[in-house]
Amino acid sequence: RAYMLGLLRIKVTMDVVLDKSQSLVQSTIKFLGEQKYVLLGFAAGAVIASKSMQDYIPSQNTVPGLGRGMKGSKFASDPIKEYCYSHTNIKESDALSKLRKVTAKHPKGEMESTQDIGQLLVFLMRTIKAKNVIEVGSFTGVALLKMAEELSDDGKIFALDINNEFTGIGEAFIKEAGVRSKVEYRIAPATESLLALKNEGYNNKIDLCFIDADKGNYPNYYRLCMDLLKPGGIIVFDNSLMKGRVVTLPNKEPFCRIHECNEKAVADSRVTSLLLNIGDGALILRKNDDESEKSNESQV
């Protein structure tokens, strides 16, 4: 009898436990059903976050140096851009490769010019047979060395920067490459250096200007370099897209100054302009040959 009573108590207890368990399960299912859209939102967010992180991590298949040089661009792992890089015959000297690696380790290494921008500069210099060049904002001299190696023995490149500590990093590699005699450093605010070159008689004598300095001064560099540029000469502005901020934040400093520069190029009858989505954006201006050329173009 005691045994039977014990079994009965166990059964009653189990029934209570099962009832409570079923109630808990049903409540949980009901809650999850009510929250399904929230859960779906979390899941979608996780997928998007994962994809975004992949976009910011350079692919292992990029050309060496491009991942670092993309400066955090969301296009770093864009397969189309990777295809373009892998089908561009970028060549670098040993000295330049060493300088690029040293620059990549620098705390401000993100200011380094990307390899596709370097290739663009080489392409343009060879096209116009550039002899006199200005670089506004040299940093450690990655682009400077790239351009100096392209100059003929009697060519000259004016390297403008305000920090001789930065330029000093690259000078040893420029000497190693055997092109130090082609480089003339001007350590001062770039606007002052450009005005000095005008006063020294370089108006209409410069073949190519590469501008990669403080973005707030881009409109001033535009104005001063146009005076120095010879007809048929070229100006290249780096970072002309600023990771898309010229679109998303066109009224905020310094992006508004870059946007101002891009807008001016469209309306400037003195130049032929092209804004390319390579690197972090490259605005290219070619100074028209003369007034007769512009007249002929207006009749087409």
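Refer to the preceding data block for the structure.
Rules behind the numbers
Residues numbered from 1 in each chain as written. Predicted model: local features only at pLDDT ≥ 70, side-chain atom pairs only at ≥ 80, totals over all residues. Heavy atoms only, no water. Helix = DSSP H or I, 4+ residues; strand = E, 2+ residues; numbered from the N terminus. Contact = heavy atoms within 4.5 Å. Areas by Shrake-Rupley, 256 points an atom, 1.4 Å probe, with all protein chains shown as cover. Pairing = 2+ DSSP bridges. Axes fitted to C-alpha atoms, helices over the stretch in contact; angles between N-to-C directions. Buried < 20%, exposed > 50% of the residue type's maximum accessible area, 1.4 Å probe, protein only. Arc of directions from axis to C-beta. Right-handed = clockwise from strand over helix to strand, strands pointing away. Parallel < 35°, antiparallel > 145°, perpendicular 65-115°, else oblique. Left-handed = near helix turned anticlockwise from the far one by under 90°. Nonpolar A, V, L, I, M, F, W, Y, C, P; charged D, E, K, R; others polar.

(A) The arrangement of the overall build of the protein chain in detail. When helices and strands are counted, the protein chain shows 13 helices and 7 strands. Look at the contacts in the protein chain between residues 6 or more apart in sequence, and 68% of them connect residues 24 or more apart. Approximately 16800 Å² of the protein chain is accessible, and the part contributed by carbon and sulfur atoms is 58%.

(B) How the structure looks around the sheet that holds strand β1 (residues 132–136). Across the sheet, which stays open at both edges, the 7 strands sit in the order β3-β2-β1-β4-β5-β7-β6 with mixed pairing between neighbours. Two strands close off the open sheet at either side, each with one partner strand: β3 (183–187) and β6 (271–276). Neighbour to neighbour, the strand axes of the sheet diverge by 15° on average, direction disregarded. Bridging between strand β5 (residues 229–238) and strand β7 (residues 282–287) involves 5 bridges; their strand directions are antiparallel. Note that in β7 the partner of Ile234 across the bridge is Arg286. In the packing of helix α8 (residues 164–176) onto the sheet, the strands contacted are β2 (156–161) and β3, and the crossing angle to β3 comes to about 170°.

(C) Unusual backbone geometry, seen in detail. In the segment running from Glu253 into Pro254, the intervening peptide bond is cis, with an omega of -10°. The residue Pro254 is located in the loop between α11 (245–248) and α12 (255–267) in this model. Unusually for a residue other than glycine, Asn204 sits at a positive phi of about 60°. For Asn204, the position within the fold is in the loop between α9 (190–199) and β4 (206–211).

(D) Just helix α4 (residues 79–86), in detail. If you check which residues of α4 are buried, you get Lys81, Glu82 and Tyr85. When α4 is viewed along its axis, its buried side chains cluster within an angular range of 100° and face the same direction. Those residues of α4 that are exposed and aimed more than 90 degrees away from the buried face are Pro79, Ile80 and Tyr83.

(E) Just the pairing of β5, in detail. Across the 10 residues that make up β5, a large majority, 8, are buried. Note that β4 and β5 share 5 bridges and pair parallel. Following the sheet pairing, Ile206 is matched in β5 by Leu229. Read as a crossover between parallel neighbours, the route from β4 over helix α10 (residues 218–228) to β5 is right-handed.

(F) The packing of helix α5 (residues 94–104) against α8, seen in detail. Between α5 and α8, the shortest axis-to-axis distance is 9 Å and the interhelical angle comes to 165°. With respect to α8, the axis of α5 lies roughly antiparallel. The way α5 lies across α8 gives a crossing that is right-handed. Contacts between α5 and α8 involve Ala95, Lys98, Leu99 and Val102 from the first element and Ile169, Gly170, Phe173 and Glu176 from the second. Here the contact of α5 with α8 is composed, by residue class, of 5 nonpolar, 1 polar and 2 charged.

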